[in-house]
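Each chain is listed here by its residues.
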Amino acid sequence: MLAREHAIGSGVILASDGYIVTNAHVVEGAHQIQVVLPERNGSSPFDIFPVGKRKVLEAKLIGADKETDLAVLKVDADHLNVLPLGVTRSVDPG
C-alpha cells in the first residue's frame, strides 16, 4: 500500500545561509521536506509579493529532538531574512 501524507508547520530562519528551526513532530518520518518562502519584491524584508508568489526549496533534516520537539533543517539558499536573536543593545541593571 502506498500512501501520501502531508504535514504543514511553521519555522524560523536562524541563519541567512539556510538553517531553519521547526517542530520535530512535523518532520518526523518524512522522506521529503520542502520549505515554502514568500518572494520578496523590494529591499525591505517586509516587502513581499501577495499570496501565491513563493519559492519552494528542498530541505535536509540536520537533526531532531523529540523531547524538546525541535528540528533543524538546511536549505540551499543565501541571503535569507533571519530572526535576530540575542541582545542588540547594552543592558543596564534595574
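Summarised in this report is the structure supplied together with it. (Residues numbered from 1 in each chain as written. Predicted model: local features only at pLDDT ≥ 70, side-chain atom pairs only at ≥ 80, totals over all residues. Heavy atoms only, no water.)

1. Focus: the pairing of strand 3 (residues 33-38)
Taking every second residue as pointing to the same face, the buried face of strand 3 carries Ile33, Val35 and Leu37, while none of Gln34, Val36 and Pro38 on the other face is buried. Judged from the six bridges that link them, strand 3 and strand 4 (residues 54-65) form a sheet pairing that is antiparallel. By the bridge assignment for strand 4, Pro38 is matched with Arg54. (Buried < 20%, exposed > 50% of the residue type's maximum accessible area, 1.4 Å probe, protein only. Helix = DSSP H or I, 4+ residues; strand = E, 2+ residues; numbered from the N terminus. Pairing = 2+ DSSP bridges.)

2. A word on the nonpolar core
Ranked by size, the top nonpolar core spans 15 residues in total, and within it Val35, Leu73 and Val75 carry the most contacts. Excluding its chain neighbours within four sequence positions, the residues that come into contact with Val35 are Ile20, Lys55, Val56, Leu57, Ala59, Leu73 and Val75. (Core = buried A, V, L, I, M, F, W, Y, C linked by side-chain atoms within 4.5 Å. Contact = heavy atoms within 4.5 Å.)

3. Side note on a nonpolar patch on the surface
Taken together, the side chains of Val12, Leu14, Leu83 and Leu85 make up a nonpolar region of the molecular surface, amounting to roughly 340 Å² of accessible area. Within the fold, Val12 resides in strand 1 (residues 11-15). Residue Val12 is classed as partly exposed on the basis of its relative accessible area of 32%. (Patch = residues over 30% accessible without salt bridge, like charges linked within 9 Å, V, L, I, M, F, W, Y side chains within 5 Å. Areas by Shrake-Rupley, 256 points an atom, 1.4 Å probe, with all protein chains shown as cover. Salt bridge = Lys/Arg side-chain N within 4 Å of Asp/Glu carboxyl O.)

4. Structural notes on the side chain of Thr22
Among the secondary structure elements, Thr22 is positioned in strand 2 (residues 19-22). On the basis of relative accessible area, Thr22 is assigned to the buried category, the value being 9%. At a separation of 2.7 Å, a polar atom in the side chain of Thr22 contacts the main-chain carbonyl oxygen of Ser10. If we skip the residues at most four places from it in the chain, Thr22 touches Ser10, Gly11, Val27, Asp69, Leu70, Ala71 and Leu73. (Polar contact = N/O pair within 3.5 Å; in protein donor to acceptor, adjacent residues only side chain to side chain.)

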